[in-house]
Amino acid sequence: MGTLYLVATPIGNLEDMSPRAIRVLREANLIAAEDTRHTGKLLKHFQIETPITSYFEHNKLNKLDFILGKLLTGDVALVSDAGTPAVNDPGYELVRAALASNHDVRPVPGPSAPITALTVSGLPTDSFLYLGYLPHKTSERHKRLEEVESQPYTLVFLESPYRIVESLEDIYSILGDRKICVAREMTKMFEEYWRGNASGAVQYFKSQAPRGEFTLVVDGKKMDGSQKWTEAQLQMAIESELKSEKSAKDISVELAKQSGWNKKEIYTLINQSK
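The model shown is predicted, which means the values in this text are computed figures rather than measured ones. (Residues numbered from 1 in each chain as written. Predicted model: local features only at pLDDT ≥ 70, side-chain atom pairs only at ≥ 80, totals over all residues. Heavy atoms only, no water.)

1. Details of the overall build of the protein chain
Then comes step 1: When its secondary structure is counted, the protein chain shows 11 helices and 10 strands.
Then comes step 2: Considered along the principal axes of its C-alpha atoms, the protein chain spans approximately 60 × 50 × 35 Å.
Then comes step 3: Roughly 14,600 Å² of accessible area belongs to the protein chain as shown, and the carbon and sulfur atoms make up 50% of that amount.
Then comes step 4: When the 33 positive and 36 negative side-chain charges of the protein chain are each reduced to one mean point, those points stand 1 Å apart. (Helix = DSSP H or I, 4+ residues; strand = E, 2+ residues; numbered from the N terminus. Areas by Shrake-Rupley, 256 points an atom, 1.4 Å probe, with all protein chains shown as cover. Lys, Arg positive; Asp, Glu negative; His and termini not counted. Charge placed at Lys NZ, Arg CZ, Asp CG, Glu CD.)

This is how it looks when you write it as structure tokens:
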């Protein structure tokens, strides 16, 4: 029985390829790649000669049986075009199928565009909400932003150069003039990080022809003393905090400062959530 390895690959700079990632790709019986031509260049650079097969959005379900068959005789490595597989890229269904067939599934950690942008944004990193690409259609994009408008967490989105200005305009109009970091072409030659307010980002990127892939990091909703979180908002925050090693008491004190709820009420909800 083979192991399915999810191998993170560089988001731009090939020097970010880890020695372990290179070894796993060399030793695997098969590499399943989102784009065989793109991954082929990576494999050639690192002199990796492992057989490769395509595994992308439009064939991911049809390829499951083939890849599971290969796992019966050896290890398979899954890679996306860049970054960590299964995060906004094909992989979720394959992981589920491999686990259901009692195969071991292991990560080979490495680059990830959302985490990379978040860490250098200058915005809070203790609690964040990753939402992938914003919808293409304007009405659906508005709906998605309206759904998260009241969330206190730092928001992380991906966007293409073709819709970056429209998405920034929608963020400004729906979420308000929040602090934002726009990361472009991370780790590549024309790497850029624009930090400021949403209104300034709109003007800046309107004045040029945006190129490259973008990651947007947006400040969460700031509550003042007159605004109290809904119970649903508080419950979501509690669930997030419970994943940490903080005590119920510490969580209660911290969330009481942010939410407008009494710390005793929060403590009761925490115990109910355990």
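2. As for the sheet that holds strand 4 (residues 76–79)
Then comes step 1: The five strands are arranged 3-2-4-1-5 in an open sheet whose pairing can be described as parallel. The strands lining the two open edges of the sheet, one partner per strand, are strand 3 (52–54) and strand 5 (104–108). On average, each strand axis in the sheet is inclined to that of its neighbour by 25°, with strand direction left out of account.
Then comes step 2: Pairing of strand 1 (residues 3–7) with strand 4, which is carried by three bridges, proceeds in the parallel orientation. Each residue of the ladder has a partner; that of Tyr 5, found in strand 4, is Ala 77. (Pairing = 2+ DSSP bridges. Axes fitted to C-alpha atoms, helices over the stretch in contact; angles between N-to-C directions.)

3. Some details on the pattern of salt bridges
Then comes step 1: Following the criterion strictly, the structure yields 15 salt bridges and no others.
Then comes step 2: With a closest N to O distance of 3.4 Å, Glu 93 and Lys 60 form a salt bridge. In this pair, Glu 93 sits in helix 4 (residues 92–100) while Lys 60 sits in the loop between strand 3 and helix 3 (64–71), placing the two residues 33 residues apart along the sequence.
Then comes step 3: Residue Glu 93 is classed as partly exposed on the basis of its relative accessible area of 24%. (Salt bridge = Lys/Arg side-chain N within 4 Å of Asp/Glu carboxyl O. Buried < 20%, exposed > 50% of the residue type's maximum accessible area, 1.4 Å probe, protein only.)

4. Overview of the nonpolar core
Then comes step 1: Judged by nonpolar contacts, the single largest core of 21 residues is most densely connected at Leu 168, Val 182 and Leu 216.
Then comes step 2: If you list the elements that add at least two residues to this core, you get helix 6 (138–148), strand 7 (154–159), helix 7 (164–175), strand 8 (179–184), helix 8 (198–206) and strand 10 (214–218).
Then comes step 3: With six residues, helix 7 is the single largest residue contributor to this core.
Then comes step 4: When near neighbours in sequence (up to four residues on either side) are disregarded, Val 182 contacts Leu 168, Glu 192, Tyr 193, Trp 194, Ala 201, Phe 205, Phe 214, Thr 215 and Leu 216.
Then comes step 5: Grouped together as the second largest cluster of nonpolar side chains are 17 residues, Ala 28, Ile 31, Ile 48 and Ala 77 included. (Core = buried A, V, L, I, M, F, W, Y, C linked by side-chain atoms within 4.5 Å. Contact = heavy atoms within 4.5 Å.)

5. What to know about the sheet that holds strand 8
What holds strands together in a sheet is hydrogen bonding between their backbones, with the strands either parallel or antiparallel.
Then comes step 1: Strand order in the open sheet made by the five strands is 6-7-10-8-9, with mixed pairing throughout. Two strands bound the open sheet, and with one partner strand each, they are strand 6 (128–133) and strand 9 (192–197). Here the average twist between neighbouring strands, direction ignored, is 15°.
Then comes step 2: In this sheet, strand 10 lies alongside strand 7 in antiparallel orientation, the contact comprising five bridges. Opposite Glu 159, over in strand 10, you have Phe 214 as the bridge partner.

6. Observations regarding the pairing of strand 4
Then comes step 1: Covered by surrounding structure in strand 4 are Val 76 and Leu 78 together with Ala 77 and Val 79, the residues of both alternating faces.
Then comes step 2: Sheet topology places strand 2 (residues 30–33) next to strand 4; four bridges connect them, and they run parallel. By the bridge assignment, Ala 33 is partnered in strand 4 with Val 79.

7. What about helix 11 (residues 263–273)?
Then comes step 1: Taken as a whole, helix 11 has its buried residues at Ile 266, Leu 269 and Ile 270. Projected down its long axis, helix 11 shows its buried positions confined to an angular sector of 105°, all on one face. Of the residues in helix 11, the exposed ones pointing more than 90 degrees away from the buried face are Lys 264 and Gln 272.
Then comes step 2: In this fold, the buried residues of helix 11 make contact with helix 9 (231–241) and helix 10 (248–259). (Arc of directions from axis to C-beta.)

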